[in-house]
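# Secondary and tertiary structure notes
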Amino acid sequence: MATTRSAGDAATSVSSGLGSGNPGLRKLSTASGGGGTAPSWQSCYYCTREHFKTISDFVSHLRNRHCTREGGSFVCRYGFNGVCASLPLDGVSDRDYDAHVAKYHVNQHTREMPPEWGVYSAAQNLPAVLNDPSRGKQSNLFTKKWGEHFVERSHVPPSPRLPDITHADFSVYLGSIGKRYRWHERRQQQVERDKPLDNGAQGAPGPQTPTHLSSVPEIFLKSQLQLHHPATFKQVFPNYMQTTASSPETHQQTGRQLQEQLSLYLDMVEVKIAQQVSQKSAAFFHAMTTQHAILAEMEQAADQVRQLRSALAQLHSHSVVDSFKVLRFAQRRQHYNLTLDKLRLMATVHKTQPMLQLLLGTQDYVAALDLIGTTQEILSAELLGIHCFKHLPMQLSEMEKLIDKMLTTEFERYAAADLNRPLSDGLRETDSVCAEEDKLVAIVMGLLRKQNFSFVQSYQQEAIATIRAIIKQLLIEVLARSDSDQEISLTGHGEQALELTLPEWIALLLRSSQALVSILERIKTVVGIMQQTADAAVGAQDAVNLIDSEAFLSPGHHEQLRCQLQQLLQAVCHYCHERCANIVSPQSLEKSSASEQELCQLSEIVDQFGETTRSICGVASVPLQLALKVQASRYAQRFHSERKQKLSLLLDQERWRQVDIPHEFQRIIERMAAGDYAKPEMGNLISNGAGNPVLLVEGKQPYTLVSASLMLIRMLYEYGGSAHRLPLLSSYHARNVVDLLRCFNSRSCQLIIGAGAMRVAGLKTITSTNLALVSRALQLVLWLLPKLKEHFQAMSGYEAIERDYQGHIKEIENKIHGIVSERLAAQLEAWEARPPIPSQTFRHISRHLVKLHEAIAGVLPEAQIHEIYGVVHRNFKDKLREQLLKLNVNNNGGPQHGVVTSELTFYMETLRTLKALPAEQLDNGILEEIWLY
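Residues numbered from 1 in each chain as written. Predicted model: local features only at pLDDT ≥ 70, side-chain atom pairs only at ≥ 80, totals over all residues. Heavy atoms only, no water.

## So, the overall build of the protein
When helices and strands are tallied, the protein shows 29 helices and four strands. The buried share among the 933 residues of the protein stands at 35%. Sequence separation of at least 24 residues holds for 72% of the intrachain contacts in the protein that already meet a minimum separation of 6. Per element, the accessible surface of the protein, about 55,400 Å² overall, is 54% carbon and sulfur. (Helix = DSSP H or I, 4+ residues; strand = E, 2+ residues; numbered from the N terminus. Buried < 20%, exposed > 50% of the residue type's maximum accessible area, 1.4 Å probe, protein only. Contact = heavy atoms within 4.5 Å. Areas by Shrake-Rupley, 256 points an atom, 1.4 Å probe, with all protein chains shown as cover.)

## Let's talk about the confidence of the model for the protein
Mean pLDDT over the protein: 78, with 81% of residues reaching 70 or higher. No element of the protein has a lower mean pLDDT than helix α1 (residues 2-18), which averages 34, and none a higher one than helix α26 (residues 840-856), which averages 91. Counted against residues more than four places away or in other chains, residues 425-432, with its pLDDT under 50, gives 16 contacts. This stretch, residues 685-689, has a pLDDT under 50; its non-local contacts, to residues over four places away or in other chains, come to eight contacts. (pLDDT = per-residue confidence, 0-100.)

## So, the side chain of His-105
Tracing the backbone through its elements, the reader meets His-105 in helix α4 (residues 94-106). A distance of 3.3 Å separates the side chain of His-105 from the side chain of His-100, its partner in a polar contact. In contact with His-105, not counting residues within four places along its chain, are Ser-40, Phe-58, Leu-62, Cys-76, Tyr-78, Cys-84 and His-100. (Polar contact = N/O pair within 3.5 Å; in protein donor to acceptor, adjacent residues only side chain to side chain.)

## Notes on the packing of aromatic side chains
As enumerated under the stated definition, the model contains 12 aromatic pairs in all. Ring geometry for Phe-411 and Phe-455: centres 5.4 Å apart, planes at 75 degrees, overall edge-to-face. Linking Phe-411 in helix α12 (residues 392-419) with Phe-455 in helix α14 (residues 455-481), this pair joins segments that are 44 residues apart in sequence. For Phe-411, a relative accessible area of 2% puts it in the buried group. Relative to Phe-876, the ring of Phe-842 has its centre 6.0 Å away and its plane inclined at 90 degrees; by these criteria the two rings are edge-to-face. Remark: Phe-876 occurs in helix α27 (residues 862-887) and Phe-842 occurs in helix α26; sequence separation between them is 34 residues. Here the aromatic residues Trp-831, Phe-842, Phe-876 and Tyr-907 are joined through ring pairs into a cluster of three or more. One residue, Arg-63, lies across the ring of Phe-74, its end atom 5.4 Å from the ring centre. Taking the ring centre of Phe-639 as reference, the NZ or CZ of Arg-643 above it sits at 3.5 Å. (Phe/Tyr/Trp six-rings, centres within 6.5 Å; stacked < 30°, edge-to-face > 60°. Lys NZ or Arg CZ within 6 Å of the ring centre and 35° of its normal.)

## As for the packing of α26 against helix α28 (residues 895-914)
As a packed pair, α26 and α28 sit with axes 10 Å apart at the nearest point and diverge in direction by 15 degrees. By the angle class used here, α26 and α28 are roughly parallel. Here α26 runs over α28; the crossing is right-handed. Taken together, the residues of α28 that come into contact with α26 (itself represented by Phe-842, Arg-843, Ile-845, Ser-846, Leu-849, Val-850 and His-853) are Glu-903, Phe-906, Tyr-907, Thr-910, Leu-911 and Leu-914. A class-by-class count of the residues in the contact of α26 with α28 yields eight nonpolar, three polar and two charged. (Axes fitted to C-alpha atoms, helices over the stretch in contact; angles between N-to-C directions. Parallel < 35°, antiparallel > 145°, perpendicular 65-115°, else oblique. Left-handed = near helix turned anticlockwise from the far one by under 90°. Nonpolar A, V, L, I, M, F, W, Y, C, P; charged D, E, K, R; others polar.)

## Notes on a nonpolar patch on the surface
Together, Ile-165, Phe-170, Tyr-173 and Leu-174 make up a nonpolar patch on the protein surface, roughly 430 Å² of accessible area in all. Locating Tyr-173 in the fold gives a position in helix α6 (residues 171-203). Assessed through its relative accessible area of 52%, Tyr-173 is described here as exposed. (Patch = residues over 30% accessible without salt bridge, like charges linked within 9 Å, V, L, I, M, F, W, Y side chains within 5 Å. Salt bridge = Lys/Arg side-chain N within 4 Å of Asp/Glu carboxyl O.)

## So, empty space enclosed by the protein
Scanning the model with the defined rule gives two cavities of 30 Å³ or more in all. In this model, the largest cavity occupies a volume close to 40 Å³. What lines the largest cavity is Ser-709, Leu-712, Ile-713, Leu-716, Ala-777, Leu-780, Val-781 and Leu-784. Elements that contribute at least two residues to the lining of the largest cavity include exactly α21 (707-725) and α24 (768-792). Here the residues of the lining of the largest cavity sort into seven nonpolar, one polar and no charged. The computed volume of the second largest cavity comes to approximately 30 Å³. In terms of lining residues, the second largest cavity is bounded by Thr-408, Phe-411, Glu-412, Leu-447, Asn-452, Ser-454, Phe-455 and Ser-458. Of all elements in the fold, only α12 and α14 reach the threshold of two or more residues within the lining of the second largest cavity. Here the lining of the second largest cavity is composed, by residue class, of three nonpolar, four polar and one charged. (1 Å grid on protein atoms, 1.4 Å probe; cavity = no way out; pocket = protein on both sides within 12 Å on 5 of 7 lines; lining within 4 Å. Points joined across faces, edges and corners; volume = space filled by probe spheres on them.)

## A short note on the pairing of strand β1 (residues 67-70)
Sheet analysis places β1 next to strand β2 (residues 73-76), joined by four bridges and oriented antiparallel. Its bridge partner lying in β2, Glu-70 is registered against Ser-73. (Pairing = 2+ DSSP bridges.)

## Let's talk about the pattern of salt bridges
Oppositely charged side chains can pair when the atoms bearing their charge come close. Applying the stated criterion across every chain yields a total of 26 salt bridges. Between Glu-596 and Arg-725 there is a salt bridge, and its shortest N-O distance comes to 2.7 Å. In this pair, Glu-596 sits in helix α18 (residues 596-617) while Arg-725 sits in helix α21, placing the two residues 129 residues apart along the sequence. According to the relative accessible area criterion, Arg-725 is partly exposed, its value standing at 33%. Residues Glu-813 and Lys-810 are paired through a salt bridge, measuring 3.9 Å at the closest nitrogen-oxygen approach. Taken together, the residues Glu-813 and Lys-810, both in helix α25 (residues 798-829) and three residues apart, mark about one turn of the helix. Residue class for Glu-813 comes out buried when judged on its relative accessible area of 8%.

## So, a positive patch on the surface
A contiguous patch of positive charge on the surface is contributed by Arg-823, Arg-843, Arg-847 and Lys-851. Residue contributions to the positive patch peak at three residues, all from α26. Along the chain, the position of Lys-851 falls in helix α26. Classification of Lys-851 as partly exposed rests on a relative accessible area of 49%. (Lys, Arg positive; Asp, Glu negative; His and termini not counted. Charge placed at Lys NZ, Arg CZ, Asp CG, Glu CD.)

## Overview of the state of the cysteines
Counted by the stated rule, this structure contains zero disulfides. No disulfide involves Cys-44; its sulfur sits 3.9 Å from that of Cys-47, the nearest cysteine. The exposure class of Cys-44 is buried, given its relative accessible area of 3%. (Disulfide = S-S within 2.5 Å.)

## What to know about the packing of α25 against α27
Contact pair α25 / α27: the axes reach a minimum separation of 9 Å and the direction vectors enclose 30 degrees. As for the relative orientation of α25 and α27, their crossing is right-handed in sense. From α25, Ile-809, Lys-810, Glu-813, Ile-816, His-817, Val-820, Ser-821, Leu-824, Ala-825, Leu-828 and Glu-829 reach across to α27, where they touch Gln-864, Glu-867, Ile-868, Val-871, Val-872, Asn-875, Phe-876, Lys-879, Leu-880 and Gln-883.

## Topic: α24
Compared with the 36 Å implied by 1.5 Å per residue over 25 residues, the 35 Å span of α24 between its first and last C-alpha is a close match. Leu-784 marks the point of greatest bend in α24, at about 35 degrees, and the proline Pro-786 comes within the next four residues. In terms of burial, α24 is a largely internal element, 19 of the 25 residues being buried. Following α24 by one or two positions, Gln-793 adopts a phi angle in the positive range, close to 65 degrees. (Expected span 1.5 Å × (residues − 1). Bend = angle between axes of the 7 residues up to and from the residue.)

## Thoughts on unusual backbone geometry
Here the amide bond leading from Pro-835 into Pro-836 is cis, since omega sits at 5 degrees, within 30 degrees of zero. By secondary structure assignment, the location of Pro-836 is in the loop between α25 and α26. Geometrically, the link from Ile-837 to Pro-838 is a cis peptide bond, its omega value of -5 degrees lying close to zero. Tracing the sequence through the fold places Pro-838 in the loop between α25 and α26. Although it is not a glycine, Gln-451 sits at a positive phi angle of roughly 55 degrees. One can find Gln-451 in the loop between α13 (437-449) and α14. With relative accessibility at 44%, the residue Gln-451 sits in the partly exposed group. We note that Lys-915 has phi near 55 degrees; this positive angle belongs to a residue other than glycine. With respect to the element layout, Lys-915 can be found in the loop between α28 and α29 (926-929). A residue is classified by how much of its surface remains accessible, and Lys-915, at 61% relative accessible area, is exposed.

Following this line, the structure appears as C-alpha cells:
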C-alpha cells in the first residue's frame, strides 16, 4: 500500500511540473519503477556531483545548466561537447523542449555515453598539410573533401619484430572460456525472463515490495547502528518525541505508521537478498556438483605423493649415502695434504737463520731483508700460534735492526774510503772514478729496501769533511813554501783565513779547483750510481736491472730520493765555492791590487771551476763569483779613479788651442767606429811629429780638437779594450765611462763658459775659438756615444749624458752668437742714416763678422756656422728695425732710405764674401724685409 502511494505521488509531482498535456509523462511512473537499474534522472552525467531526488529537480537542472535560449527558441545542450544528438540546433518552443526532455533524457533507460576517442577523432591541421615539405605542391588540394581522407594514408609495412597473429592463436582460449560464456548467456536470458513478471506484479493492485534500496535511509545500511546516541535515535524515530505529548490515539497512530515504514524497509531488504540469492544459486549448485571431482583428484594426488616419497627414499639409500662417503674421503685427503704443506713450510722457516747468515756473507742485503719480511708474513698469517716459533718473530726483528745498522756502518766506511783515496798525476784520477761499484750498489739497495734515506745526509757530511781536509792540506803546503815568519794556527777544519797575497791566492785557487774537481767527479759518479740503484728499485723501464726481485721502492720515495741527491750535489758544489772564496781574508786582498793580467787569470780559473760545478750539479754557485766580482770592482774603481784624476789635471792645464792629430789617434777612432777593441793602446800617443791637422771621422767629417779631447778618446778606448779583454768588467766600465763623460762635460763647461780657464790655465780671455773647440770636442763625444753603448750593452745613463752634451753645445752656440750680437747692437745704437757710405758703424760690423768667421771657420762645420750666423743675422735685423723707428726713417725713397739701402748692400756683400749663410739667404731680400714690422 505504501509502495503504491509513493509511486502515485511521484507521478503526480512530475505531471504538475511538466504539464498535464504531455502524453509521454503519463508513463513515467511505470518506466521509473521497473527494472533493476537506476533511472537516468537521478544524476547528471556531465555534472558529476549533482544528484536529484525528483524528476522535477532534474528537469530544472537541465533547463538552467544544459539549455540555451536564443530569442523564443530553446536549444538543448545535454550531450557530448554541449550538443544534444536528438534535438536540432535551430531550437524548439518551450512546450516542445519539455516533451524532448521527458522523451530523450528523463525516460531513457540507457544513458548516452560519449564517443570513445580514436585516431579518427583528431582534427587535421590545415597549415601543417599545406606546409609539409615532403609533399610538395598538391594540385587537387582545393577539390578534396574535408575529413579523415583529406590526407593520403601511407602504407605501413608490418614489423619484422612482431609475430603474425591469426585466429588459431586464440582457439585454446576460446575453447576454455566457451563453457563459462554459455553459462553466462543462460543466466542473462533467465534474468530477462524474470523482468516482465516483476513489472506485472507492480502493476497489479494490492500491496507490493519495492526492490530498490534508494528509498531506505542510509542510516539503516551502516554496519553499526547505535540507538543510544540521541542523534541516531532522532534520525530513526523522527517526530516521535513531539507526538508523545499529544493524545494517545495520535501517538498510537504515529507508532503504527513508523512500524509499517520499518516493515516496508525490511521487506525491501529481504526482496533484494532474495534476488541476490536467486542470481547466485546456479553457481552454488555448480560448486556442489564439482566437489566430487575435486575429491577424486585429491586422492590421485595423494597416491602420487606416496610414490614420490618411496622413490626418494630408495634414491637416498642407494646413491646419496655412497656419494657423501666419497666426498668425505676426498675432503680428508685434502686436509692431509694441507697438513703436509704446513709441516714443509715449518721446515723451511726453521732454515731462515742459516740462510740469512749466508746472504749477509755474500752482501745480498735485499734478499736477506726480503727473506725476513716474507718469514714474518708467514709467521703472522699461516703459522700463527705454533709454539716452537713463538720467539722467532722477535729474533727476526732484531736481525732486521742489526742489518740496518750494518748497512749504515758499511756505507759510512765505504764513503770515507772512496772519498779519501789519494789524488795522483797532477791531481787527476788515473784509475776508476768509483771503487767497488758492486759493493756500493748492494749497500744502497739494502738501505732503500729498509727505506732508510739518511745515507744521503751521511754522504754529504763525509764529502764536506773531505773537502775541508783537502783545503787544509793545500793551505799547509802553501804555508810551507812561503817565507813568512808569522805563526798561524789552523783549526781542525782549516776555517781560519790566511794573510796571503793575490798571486798566492790565485795559485792556491788553481790547485784547489783542480783537486776539488776530482773530488766532485767522484761524488757525481757515486750519486749517479745511487740514482741508478733507485731507478732499478722503483722498476723504471729504462733502468739497469740490478735486482732479481720485484720493485719495492714507491714512486713517492723515488722522487724524494732524487731530490735529495740533487740537493746533495748542489750543497757540495756550493760549499766548494764558499771554501775557495773564504781561503784568504778580505783584509789581505784589499792590501794587494790585482793587475788586469792577474784578474784575467783569476776570472779564467773561476769561470772554468764554475762551469765544471754547473755541469755537475746543474745550478750556478755564487760565493766564488762574488769574490771575483769584488776584485773586479776594486780594479775597475782604481782604473777609473786614475783616469778621472788624470783627465781633470789635463783639463786644468789645457790652453784650448788646436793641436795636430797623430796617426795613432786616427786609427783609434777608426777601430772604435768598427767596434774593434782587441788591439792594446800605444804608450804616448801625443808627439810633436807630423800629423793631420784634423781628425777625420768616417773618412769625411773633420774634427778640430784640443789635446784634452784626444786624451779623452784614448781613455774611452782603454775602457773599451779592458771590457773586451775581461767581460766581467763590462758593467763596471760602462758606469765609469758615463761618469768620465759627465766629468768632462761639467769641467769643460766650468772652464770655458764659466771662464774658469782664465784663472786655472792663465788665459787672458775666452775667445770664440775656444768655445768652438769645446763644442767640437763635445760633438765628437756625441758621435762616439752610440758606439760606446753598443759595445758596453749595459750602459745606463746614456740618454741623460746625451741630453747634457746637446744642452752644452747649444749653450756654447748661444754664447758665440750672443757675443757678436751684443757688439753689433752696440754699434747700431750709435749709427745715424747719413753719409759717408759705408759708414764707420757698418765697417765695424763687417769687421766683427769677419773676425767671428776667422775664429770658427776652421773649427765648426759649415752647417753649424750657418746656424750661428743665422741667429746673428736675425738679431741684426731686429736691432736695425728698432734703430730705424728711433730715427724715424721710412721706406719713402728719400735720401735716408737710400743711405739705409746702401748700408745694407755693403752688409750683405760682406756676408756673401764670407759665405756665412746658405745661398738662398744671401740675396737682397733684406732690403724689403727690414721695412716689415
